[in-house]
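Residue-level structure breakdown
For reference, the chains in residue letters:
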Amino acid sequence: MISRRMILRSGALVAAGSFLPGFARRALAQEREGKKILVFLFLRGALDGLHAVPAYGEARLAQLRPQIALPSKDLLELGVPGFGLHPSLGALLPFWKEGSLAIVHAVGSPDGTRSHFDAQDFLELGTPGVKSTPDGWLARALREAPIAERSPLDAVAVSPRLPRALQGGPEALAFASLDQLRLRPLAGGPGGPQGRLQARAAFEALYRDDASAKETFAALEMLEAKLGPEAPKPDAEYPQGPIAQSLRQLAQLIKAGIGLRVGCADAAGWDTHLAQPAQLANNLRQLGDSLAAFRRDLGKRADEVVLIAATEFGRTVRQNGANGTDHGHGSIAFVLGGGVRGGKIHGRWPGLRDDQLYEGRDLAVTTDLRSVLAAAAAAQLGATDVEKLFPGFEGRALPSLFAL
Amino acid sequence: MRRAAIYFAIALLGACSAAVRKDLTPPLAAEAPEAAAGEAGLLDSPPLSPSEMVEHALSRVTFGPRPRDRALLEREGIARFIEDQLHPESIADPALYDRIYQFDVVQEDSSSLVRELEEARMKKKDFVAQLAQVKLVRAAFSERQLQEVMADFWFNHFNVFGGKQMEAALLPEYETRSLRPNALGNFGELLEATARSPAMLIYLDNWRSRRGGLNENYARELLELHTLGVAGGYTQRDIIEVARCFTGWTVEEPQKDPRFVFRPRMHDYGPKLVLGQVISPGGGEEDGERVLRILAGHPSTARFIAGKLARRFVSDDPPEALVERLAATYQRTQGDIRSMLRAIFESPEFWSRRALRAKVRSPLELVAGAVRALDAKVGDPLALSRAVARIGEPLYAAQPPTGYGDTAQAWLSSGALLARIDFGLQLANGQLQGVKVDLSPLAGSDPASVLTKAAAQLGAGELSEKTRASLLDQLQKAPAKPELQAARAVGLLLGAPELQRR
């Protein structure tokens with residue numbers, strides 16, 4: 001079979017301004033629908049898992065957090081003895097009950113760094129403690145995935161720059177907002193689609209020696225054909241805020257059938273050194289409401305999509321001097337979507353006694369986040385070789401996270 | 001003495017012919033024998049031509065050349081220009097104030113800005129929008145270009161996010177009192193100015209850290225991002241000890257008239273051990289000062305700052321020998337930033353062919369650079385600051401304390417590339433509200449001459465045959481009106497790969 005990349009690169013089919021004739025584009029795009037999709041939402045800044053999903057059954061929690069622990073009567077019932085859900089995450093309860101939302105607790109990295117930036121790099125590279133890894137874990141997952149027809153739209157990040165997780169692999173598209181993806185006509189050129197085509201052709205020629213720019217223009221052309229001039233109204237009500245904005249755009253692309261297999265987005269604002277209860281009440285509401293809207297917006301495609309929301313590390317079990325928490329170790333991850341064994345907290349609970357805490361201060365890590373990511377990559381992308389996904393990782397994909 | 005002589009050699013260059021260039025190499029090489037003998041020798045030839053040197057110097061010392069800057073450097077010499085820029089207080093900048101005085105963030109002090117925020121007369125995002133416009137105007141129009149380049153550099157080094165709590169209202173003073181006056185001064189003084197600034201104390205939560213209720217946030221970023229670097233040799237224990245030293249460094253009347261204060265009752269008076277140095281019990285405010293001195297004098301800090309400056313001014317992955325020499329300069333001068341910059345501008349690595357156009361322009365550099373290159377008239381900078389945001393650098397809105405990155409990786413994405421190209425078209429087509437460019441001097445009798453003039457004015461360098469041919473092709477397709485031809489040439493060039501670099 002001729003790969004799409006070959007078609008893209010073969011001179012014979014490259015008409016002025018068009019990498020792919022319309023019929024081929026349509027045919028390929030149709031073939032690409034119905035494939036499973038993995039979305040990674042990076043909660044940058046270190047979410048306190050003990051605040052989002054408190055282990056209220058542990059008396060130590062309230063002792064160590066006299067001002068910030070939520071009273072257990074305020075928590076939402078998860079049906080798991082000793083654990084509750086933060087009330088701001090109420091929008092997720094229906095998914096928990098229907099079984100499409102799972103929580104992994106005491107999850108994280110074997111590396112002990114408490115630097116946000118190192119820990120974020122390690123997570124994205126998939127190699128805790130090793131910064132020299134040339135490619136990100138999602139780039140490797142994409143490469144390993146048995147994708148017959150590759151396209152620059154296989155992977156999309158709603159992010160001002162290509163996230164490290166996608167660097168070093170097959171071409172991926174990154175944009176801060178879909179609104180970036182348009183070119184106006186050249187001076188003195190015609191308006192409308194013809195003018196945009198002319199501008200695109202002119203810059204394709206100027207960037208002909210730049211492989212990644214070439215794919216950008218190809219992607220632009222395909223997006224223009226698929227998306228039309230105006231964004232359609234989403235099929236669910238999203239809240240305000242950047243998480244919702246990013247997920248809405250990913251949903252828009254998924255529903256347009258562009259063949260997306262991997263989506264990335266960021267959610268910032270979890271570094272709660274101060275006034276944690278108020279900050280998280282607000283941020284968790286945004287997160288929960290956005291995830292719920294995303295899943296509803298996807299409609300009939302919802303079960304093809306799995307979203308993982310994870311963070312670089314957790315926070316100290318003890319509150320600090322400003323009703324906040326400092327950098328810690330273990331945290332939580334949310335896994336939402338089709339095929340997920342939800343309604344369940346996965347992982348082993350390490351306990352909160354002093355001798356059970358990591359370095360006497362943080363929630364310990366009992367599940368390596370890589371085993372969660374590996375399970376999702378296998379289920380959604382068919383990338384099953386854990387050693388290739390995570391070089392040096394001796395664990396395996398978390399069993400029982402997905403129904404096979 | 002030797003250094004002065006070398007510098008003088010560069011001074012000659014601007015004024016003299018290309019022949020002088022040959023004489024420049026040996027003394028520069030003597031400054032860095034290993035660089036000259038090894039990597040520099042083979043890969044960096046041929047040496048930069050005089051016009052390339054002018055272009056290169058302006059691309060690093062300023063936000064991009066204006067046409068008259070090239071003439072100035074050719075007339076007075078590169079070294080004279082650089083030396084002037086290293087002493088911003090010697091440069092008159094009379095017109096700048098007229099361009100920014102209408103903004104509240106320029107006119108009002110912190111306490112009135114904070115009160116406006118508290119009384120909800122202004123929103124955080126309005127402060128941030130004003131600050132972004134002022135920054136853009138300064139980048140485009142201040143005569144003290146190197147000072148603005150360094151103010152931007154230090155802002156990202158000592159980043160404070162404008163959207164968090166009340167920091168937005170504190171940022172004007174943070175920039176004008178803490179950062180800009182120290183931008184070319186002593187690193188230790190700059191560090192202390194940030195440590196005592198209400199903006200930083202609030203952003204990284206130190207104002208709420210107290211004995212028995214530590215907050216590690218500032219201590220950690222102080223070590224990791226402001227001084228030693230993440231691999232600089234500190235432990236979690238050091239972070240806690242540093243945090244203890246800074247207990248009591250807080251902010252008085254944060255919601256009315258915010259200013260630094262040391263509160264003894266919040267301070268931890270016990271003994272501390274920071275990076276192996278004993279800090280005796282009983283010390284108060286001076287514990288924090290002591291920590292800052294330890295950090296500013298630490299070899300890891302010298303290296304970390306040297307590496308960042310070399311990355312800003314030379315290349316994303318600067319030569320190790322240069323970083324080492326800069327670190328030595330830091331140590332020899334106790335952190336004199338001006339001396340480090342001078343060492344960069346005197347280095348063979350700076351002047352090597354490998355450094356030419358080695359940096360991808362940040363969105364701010366791209367937009368300010370286009371305004372400068374075209375001598376654009378800016379009646380209202382709002383559209384320009386929005387363009388900077390759309391291309392990927394919403395100013396004062398970097399949430400993590402790392403600020404914005406300084407490598408190609410930080411700026412390149414599909415969306416950013418298209419937004420860059422679209423900005424060029426928007427500016428050239430006259431579609432940016434509040435911004436006027438007069439392209440009539442570029443109009444010519446035929447597409448080839450239009451293209452040559454436009455490329456020279458924009459500093460596009462030597463266009464390759466292929467690029468030139470495809471640009472000419474586009475110009476020939478444009479209607480034959482001279483102003484449309486010029487606009488089309490400028491729009492295409494601003495978006496071309498050559499103009500994304502400096």
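Residues numbered from 1 in each chain as written. Chains lettered and ligands numbered in written order. Predicted model: local features only at pLDDT ≥ 70, side-chain atom pairs only at ≥ 80, totals over all residues. Heavy atoms only, no water.

A few words on the overall build of chain B. Counting secondary structure elements, chain B contains 28 helices and six strands. For the C-alpha atoms alone, the extent of chain B along its principal axes is close to 80 × 60 × 40 Å. In chain B, which comprises 502 residues, the proportion classed as buried is 61%. Pairs at least 24 residues apart make up 71% of the contacts formed inside chain B by residues separated by at least 6 positions. When the accessible surface of chain B is split by element, carbon and sulfur atoms take 54% of a total near 18,600 Å². One finds the centroid of the 63 positive side-chain charges in chain B at a distance of 2 Å from the centroid of its 64 negative side-chain charges. (Helix = DSSP H or I, 4+ residues; strand = E, 2+ residues; numbered from the N terminus. Buried < 20%, exposed > 50% of the residue type's maximum accessible area, 1.4 Å probe, protein only. Contact = heavy atoms within 4.5 Å. Areas by Shrake-Rupley, 256 points an atom, 1.4 Å probe, with all protein chains shown as cover. Lys, Arg positive; Asp, Glu negative; His and termini not counted. Charge placed at Lys NZ, Arg CZ, Asp CG, Glu CD.)

Scanning chain A from terminus to terminus reveals 13 helices and 11 strands. For a compact globule of 404 residues, the expected C-alpha radius of gyration is about 22 Å, and chain A comes in at 22 Å, within 12% of that figure. Across its three principal axes, chain A shows a C-alpha extent of roughly 70 × 40 × 40 Å. Across the 404 residues of chain A, 61% fall into the buried class. Taking the intrachain contacts of chain A between residues at least 6 apart in sequence as the baseline, contacts between residues at least 24 apart amount to 73%. Total accessible area on chain A stands at roughly 14,600 Å², and carbon and sulfur atoms take up 53% of it. Of note, chain A has its 46 positive side-chain charges centred 3 Å away from the centre of its 42 negative side-chain charges. (Rg over C-alpha atoms; globule rule 2.2 N^0.38 Å.)

Residues other than glycine seldom take positive phi values, yet Ala275 of chain A does so here, at roughly 45°. Looking at the element boundaries, Ala275 of chain A is found in the loop between β7 (262-267) and α11 (276-297).

This part covers the interface of chain B and chain A. Every contact between the two is made by 55 residues of chain B and, on the other side, 48 residues of chain A. Our count for the contact surface shared by chain B and chain A stands at five salt bridges. The partner of Arg390 of chain B in a salt bridge is Asp179 of chain A, with the nearest N and O atoms 3.3 Å apart. Joining chain B to chain A, the criterion identifies 24 residue pairs in polar contact (both at pLDDT 80 or more). (Salt bridge = Lys/Arg side-chain N within 4 Å of Asp/Glu carboxyl O. Polar contact = N/O pair within 3.5 Å; in protein donor to acceptor, adjacent residues only side chain to side chain.)

Let us look at the nonpolar core. Residues Phe294 of chain A together with Met150, Trp154 and Leu341 of chain B are the most contacted members of the largest nonpolar core, which totals 226 residues. Per element, the largest residue contribution to this core is 10 residues, and it comes from helix α11 (residues 124-141) of chain B. Excluding anything up to four places from it in sequence, Leu341 of chain B contacts Leu86, Leu146, Met150, Leu184, Leu309 and Phe313 of chain B. Judged by nonpolar contacts, the second largest core, of 44 residues, contains Leu138, Val262, Leu373 and Ala377 of chain A. (Core = buried A, V, L, I, M, F, W, Y, C linked by side-chain atoms within 4.5 Å.)

Residues and elements named next belong to chain A. Burial within β7 is extensive, with five of its six residues counted as buried. Inspection of the sheet shows strand β1 (residues 37-43) paired to β7 by six bridges, in the parallel sense. Considered in β7, the bridge of Phe42 is made with Asp266. Examined bridge by bridge, strand β5 (residues 155-158) and β7 share four bridges and lie parallel to one another. Bridging across to β7, Ala157 finds its partner in Cys264. (Pairing = 2+ DSSP bridges.)

Further remarks concern the packing of helix α14 (residues 187-195) of chain B against helix α18 (residues 286-296) of chain B. All names here are of chain B. The geometry of α14 relative to α18 is characterised by a closest axis approach of 10 Å and an angle of 140° between their N-to-C directions. Looking at the two axes, α14 sits oblique to α18. As α14 runs across α18, the sense of the crossing is right-handed. Here α14 contributes Gly188, Leu191, Glu192 and Ala195 to the contact with α18, which in turn contributes Glu289, Leu292 and Ala296. (Axes fitted to C-alpha atoms, helices over the stretch in contact; angles between N-to-C directions. Parallel < 35°, antiparallel > 145°, perpendicular 65-115°, else oblique. Left-handed = near helix turned anticlockwise from the far one by under 90°.)

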